[in-house]
Amino acid sequence: MSTAFSLAPLFRSSVGFDRFNDLFETALRNEPGSSYPPYNVEKHGDDEYRIVVAAAGFQEEDLDLQVEKGVLTISGGKREASNDGVTYLHQGIAQRAFKLSFRLADHIEIKSAGLSNGLLSIDLLRVIPEEAKAKRIPINGAQQQPALQN
C-alpha cells in the first residue's frame, strides 16, 4: 500500500507557490530528536509572532541564531563543564547541544531576541511592502476610447 499522494490539484489554482511542495515535504518528514528543547510558537496579533524555546542552563553566549534563505536556525552548544568540586547525584537539566530550524513565511523579519529565566524568546514581525499589499483595481467600463485619426 502506497502512502504517496499527489499535490497536483493544489498547484492548478495557484501561481508562484514554488516552495509550497517543500513545506509539505518538511512537515511530513519525521525528524528524530526534534523534541529537544521544547518550544512554543505563539501568535500575538495579525502580524506578530513569537517563538519561545526552553533553554534551561544555557547562557546568551551558548546560543546562536541565524537566518538564511528564509530559515531561522537556533542552535545551542554545551559549555565547558566547570566542576568546582561538584558531584552530581542526579543531573536532570539537559545541557546537550541542539539545533532547531523554522521555515519563515515571506516578509517575516526578526524583531528581537532575548533570554530571560531560561526562556529564549524570539519576536517576529510580518512586514509587507507596499507593492505586495492588496490593491483595489477600478473598473472603467463606461470610459470612451478616443477616436483614431486618419
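Residues numbered from 1 in each chain as written. Predicted model: local features only at pLDDT ≥ 70, side-chain atom pairs only at ≥ 80, totals over all residues. Heavy atoms only, no water.

1. Section: the environment of lysine 99
Considering the arrangement of structural elements, one finds lysine 99 in strand β5 (residues 98-103). Sequence spacing of lysine 99 and tyrosine 36 is 63 residues, and the spatial spacing of their C-alpha atoms is 8.6 Å. Sequence-distant contacts of lysine 99, that is, excluding residues within four places in its chain, are made with Thr73, Ile74 and Ser75. (Helix = DSSP H or I, 4+ residues; strand = E, 2+ residues; numbered from the N terminus. Contact = heavy atoms within 4.5 Å.)

2. A short note on the environment of valine 53
Within the secondary structure layout, valine 53 lies in strand β2 (residues 48-54). Beyond its immediate stretch of four places on either side in the chain, valine 53 contacts Pro37, Pro38, Tyr39, Ile74, Leu100, Gly118, Leu119 and Leu120.

3. Considerations on the pattern of salt bridges
Applying the stated criterion across every chain yields a total of two salt bridges. We note a salt bridge from arginine 50 to aspartate 123, for which the minimum N-O separation is 2.6 Å. Within this pair, whereas arginine 50 is found in strand β2, its partner aspartate 123 is found in strand β7 (residues 119-126), the two being separated by 73 residues in sequence. Classification of arginine 50 by relative accessible area gives partly exposed; the value is 27%. Accessibility expressed as a relative area gives 16% for aspartate 123, which makes it buried. (Salt bridge = Lys/Arg side-chain N within 4 Å of Asp/Glu carboxyl O. Buried < 20%, exposed > 50% of the residue type's maximum accessible area, 1.4 Å probe, protein only.)

4. Digging into the packing of aromatic side chains
All chains considered together, the criterion is met by three aromatic pairs. Ring geometry for tyrosine 39 and phenylalanine 102: centres 5.1 Å apart, planes at 90°, overall edge-to-face. Remark: phenylalanine 102 occurs in strand β5 and tyrosine 39 occurs in strand β1 (residues 39-43); sequence separation between them is 63 residues. Each ring, one from phenylalanine 58 and one from phenylalanine 98, has its centre 5.5 Å from the other, and the planes form 80°; the classification is edge-to-face. With phenylalanine 58 in the loop between β2 and β3 (63-68) and phenylalanine 98 in strand β5, this residue pair connects regions lying 40 residues apart in the sequence. The two residues phenylalanine 58 and phenylalanine 98 agree in class, both being buried. (Phe/Tyr/Trp six-rings, centres within 6.5 Å; stacked < 30°, edge-to-face > 60°.)

5. Some words on the sheet that holds strand β4 (residues 71-76)
Across the sheet, which stays open at both edges, the three strands sit in the order β3-β4-β5 with antiparallel pairing between neighbours. Both outer strands of the open sheet, β3 and β5, are each paired with one neighbouring strand and no more. On average, each strand axis in the sheet is inclined to that of its neighbour by 15°, with strand direction left out of account. Two elements, β3 and β4, share six bridges in a ladder whose sense is antiparallel. Bridging across to β4, valine 67 finds its partner in leucine 72. (Pairing = 2+ DSSP bridges. Axes fitted to C-alpha atoms, helices over the stretch in contact; angles between N-to-C directions.)

6. What about the side chain of threonine 73?
Inspection of the secondary structure puts threonine 73 in strand β4. Relative accessible area serves as the criterion here: at 18%, threonine 73 is assigned to the buried category. Those residues in contact with threonine 73, other than ones at most four positions away along the chain, are Asp64, Leu65, Gln66, Lys99, Leu100 and Ser101.

7. Overview of the environment of glutamate 48
In this fold, glutamate 48 is placed in strand β2. What makes glutamate 48 partly exposed here is its relative accessible area of 37%. Between the alpha carbons of glutamate 48 and arginine 126 there is a distance of 6.5 Å; along the sequence they are 78 residues apart. What glutamate 48 contacts, discounting residues up to four positions off in sequence, is Glu42, Lys43, Leu124 and Leu125.

By themselves these figures say nothing about function.
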